[in-house]
Amino acid sequence: MESVKRLKIATADYPVTVAIGGSLAVAGSLYNALYIIGAGRIHGIVVSDCPANTDRQRIYAAGSDAPATVDLDGEPVPCGTDLLFTAGDARVAFIMDRLTGVPNPETMQRMAAADIIFHADDEPVRLGMPERRMAAIAHRSAALHAAYVYQAPGNGESSTDAYYDAGALIAVSGKILRSAANPPDGRQQIAMPVQTAALWGMTDARRAVHTGRIISLPLSSDARGVYDFKPSRTPWIPDNLSSAAVCEQTMNIQVNALKQRMRAIGFRKAIIGISGGLDSAMALLVTERAMREMGLTAADIITVTMPCFGTSNRTLEQANRLMASFGTTTMTVDIGDAVRRHLKDIGHDGRTTDVAYENAQARERTQVLMDLANMHQAPVIGTGDFSEAALGFCTYNGDHMSNYAVNIGVPKTLMREIIGAHVAAHPVLGDILATPVSPELIPGEAGEITQVTEDLVGPYDLQDFLIYHTLRYGMASEELIFTATRAFEGDYTENEVREWAAKMMQRLITSQFKRSCSVDGPAVIDVSLSPRGGLVMPSDMDRESW
């Protein structure tokens, strides 16, 4: 109790909450307890139920028999196995059951209702335990859609018949974000800011699971001063997978989804528009493998290049080399005359490079592909990717439209990784990777690229990071900017991150109308833009209301 009293005094002037394990002696019984202390008060005492047939049952009484209130220093303190705490909008559960055991019903109830779970364990470490512990915590945080903070006893605890490694982990929704064990000096600290507002599943129904007492905690202070973790720049890549495994699993999802769609519609040919850029190259990689696995050949893929005003010599040459490398059935349809005629028909001067001038080209390409699809009984395979869809960088009823969007779940940065893995088989892909991403809708001098997409929407490595953390974890602006600045330290300043984050949010919200009528396509990463269960929001939502 002396440690508890010292912590009460130490926290009196700070809005922090501390949980410390210990024993509670009351009414002739001894309980295994966790004291929740903050702002100079003991807010509650969570006691363990001590399951039958365990060593703890010989020492401690069952927590379910503990009194509902305990008098400590003349102050009544809530006590029991039914306590759930709140910190701001988040609900917090403190648990003490051993990770390898089965939680009792009240513990499971508190865990199911919580957004953040703090787990104080007393299990010793044995051979294979660190790996099992990590897998179990990742699974629990995923199943509960929660942030999960785990702490094992320190390695100075005992060495009589057991060893303790001070194992500590932080996981959010199935992903281990921090882990540490066996600190050389017996002390360690791990920290990770967690944005709980959009931990999926935080609903009234979920919270109604808990029927016990709820206790309010003081909000924690800003943890940025102790934040020594550098987030991954590629959060959509699972930590436990190699680059090769990521590429293969991504391709498997895309290929098998396309095969299922081809079987469902009964077609044995496919149409792809080839631009000489990343997206169409990725779509061709996926489609060629799908056709091969269906017993068909690359010749059953009709690839079409459609040069117009902004097409550069470089990408046109790459498009032709790409089609030849795969051995597809190729077509070249110069759409220049058709677009000029259309612009004339609608009263456009054909020289002003405005939005109508640009989009007329994109929509003419889609018309060509759709009409060829009718002629050959073949679906148009969409080339647009996750990043473009999130940022709304596509022409409505132009490249926005297809019959099946195989790339829609693949961020641009992941696409680059996959294409890079296929350069040896198709060397032209190396040139495509080195080509600036461009819509190529405005003519450049001497057939050069004049538009660079990343100048308009932001660098894709940063934007993919920002989009992921916004949609997956619901990060608010300041948390998002702080986390991104840490991840890209040395490449982008905080002001640059702030500028591109504002651009991302503006484009993400105002482009929902395009996604509301989006084409079917497989989700790949654990964020989806589909209006049918992924990103469900009104098309006229105000940006400030996010």
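Residues numbered from 1 in each chain as written. Predicted model: local features only at pLDDT ≥ 70, side-chain atom pairs only at ≥ 80, totals over all residues. Heavy atoms only, no water.

**Concerning the environment of Asn359**
As for its placement among the helices and strands, Asn359 is situated in helix H9 (residues 355–376). For Asn359, a relative accessible area of 16% gives the class buried. C-alpha of Asn359 to C-alpha of Leu99: the two residues are 260 residues apart in sequence and 57 Å apart in space. (Helix = DSSP H or I, 4+ residues; strand = E, 2+ residues; numbered from the N terminus. Buried < 20%, exposed > 50% of the residue type's maximum accessible area, 1.4 Å probe, protein only.)

**Some remarks on the side chain of His426**
Among the secondary structure elements, His426 is positioned in the loop between helix H11 (412–420) and helix H12 (428–433). Other than its neighbours up to four places away in sequence, His426 contacts Ser325 and Phe326. (Contact = heavy atoms within 4.5 Å.)

**Some remarks on the state of the cysteines**
Between two cysteines, a covalent bond joining their sulfur atoms is known as a disulfide. Following the criterion strictly, the structure yields zero disulfides and no others. Among the cysteines around Cys308, which has no disulfide bond, Cys394 carries the closest sulfur, lying 19 Å off. Overall, the relative accessible area of 11% leaves Cys308 in the buried class. (Disulfide = S-S within 2.5 Å.)

**So, the packing of helix H14 (residues 460–473) against helix H15 (residues 477–487)**
A pair of packed helices is captured by two measures, namely the crossing angle of their axes and the spacing between those axes. Two elements in contact, H14 and H15, have axes whose closest approach is 10 Å; the angle formed by their N-to-C orientations is 140°. Of the possible angle classes, the one that applies to H14 and H15 is oblique. In this structure, the crossing between H14 and H15 has a hand that is right-handed. Between H14 and H15, the contacting residues are Leu462, Phe465, Leu466, His469 and Thr470 on the first element and Leu480, Thr483, Ala484 and Ala487 on the second. Partitioning the contact of H14 with H15 into residue classes produces six nonpolar, three polar and no charged. (Axes fitted to C-alpha atoms, helices over the stretch in contact; angles between N-to-C directions. Parallel < 35°, antiparallel > 145°, perpendicular 65-115°, else oblique. Left-handed = near helix turned anticlockwise from the far one by under 90°. Nonpolar A, V, L, I, M, F, W, Y, C, P; charged D, E, K, R; others polar.)

**Re H14**
End to end, H14 covers 19 Å across 14 residues, agreeing with the expected 20 Å (1.5 Å per residue, within 8%). Across the 14 residues of H14, 13 count as buried, placing the element largely inside the fold. One or two positions beyond H14, positive phi appears at Gly474, with a value near 60°. (Expected span 1.5 Å × (residues − 1).)

**Digging into unusual backbone geometry**
Non-glycine residue Ala27 carries a positive phi angle of around 55°. By the element assignment, Ala27 lies in the loop between strand E1 (17–26) and strand E2 (29–38). The residue Asn397 is not glycine, and still its phi comes out positive at about 65°. As for its position among the elements, Asn397 is in the loop between helix H10 (386–391) and strand E17 (404–405).

**A word on the pattern of salt bridges**
As enumerated under the stated definition, the model contains 26 salt bridges in all. Residue Asp82 is joined to Arg213 by a salt bridge in which the shortest nitrogen-to-oxygen separation is 2.9 Å. Of the two residues, Asp82 is situated in the loop between strand E5 (75–80) and strand E6 (83–87) and Arg213 in strand E12 (residues 213–216); the sequence distance between them amounts to 131 residues. Judged by its relative accessible area of 28%, Arg213 falls in the partly exposed class. Residues Glu317 and Arg321 are paired through a salt bridge, measuring 3.5 Å at the closest nitrogen-oxygen approach. Of the two residues, Glu317 and Arg321 both sit in helix H7 (residues 313–326), four residues apart, roughly one turn of that helix. (Salt bridge = Lys/Arg side-chain N within 4 Å of Asp/Glu carboxyl O.)

**Considering the sheet that holds strand E3 (residues 41–47)**
Sheet architecture is open: five strands sit in the order E1-E2-E3-E5-E4, paired in mixed fashion. Bordering the open sheet on either side are E1 and strand E4 (69–72), each of which pairs with just one other strand. Neighbour-to-neighbour, the strand axes of this sheet turn through a mean angle of 35°, independent of strand direction. Across six bridges, E2 lies against E3 in antiparallel orientation. Bridge assignment links Leu34 to a residue of E3, and that residue is Val46. Helix-sheet contacts for helix H1 (residues 2–10) involve E1, E2, E3 and E5, and the interaxial angle to E2 is about 15°. (Pairing = 2+ DSSP bridges.)

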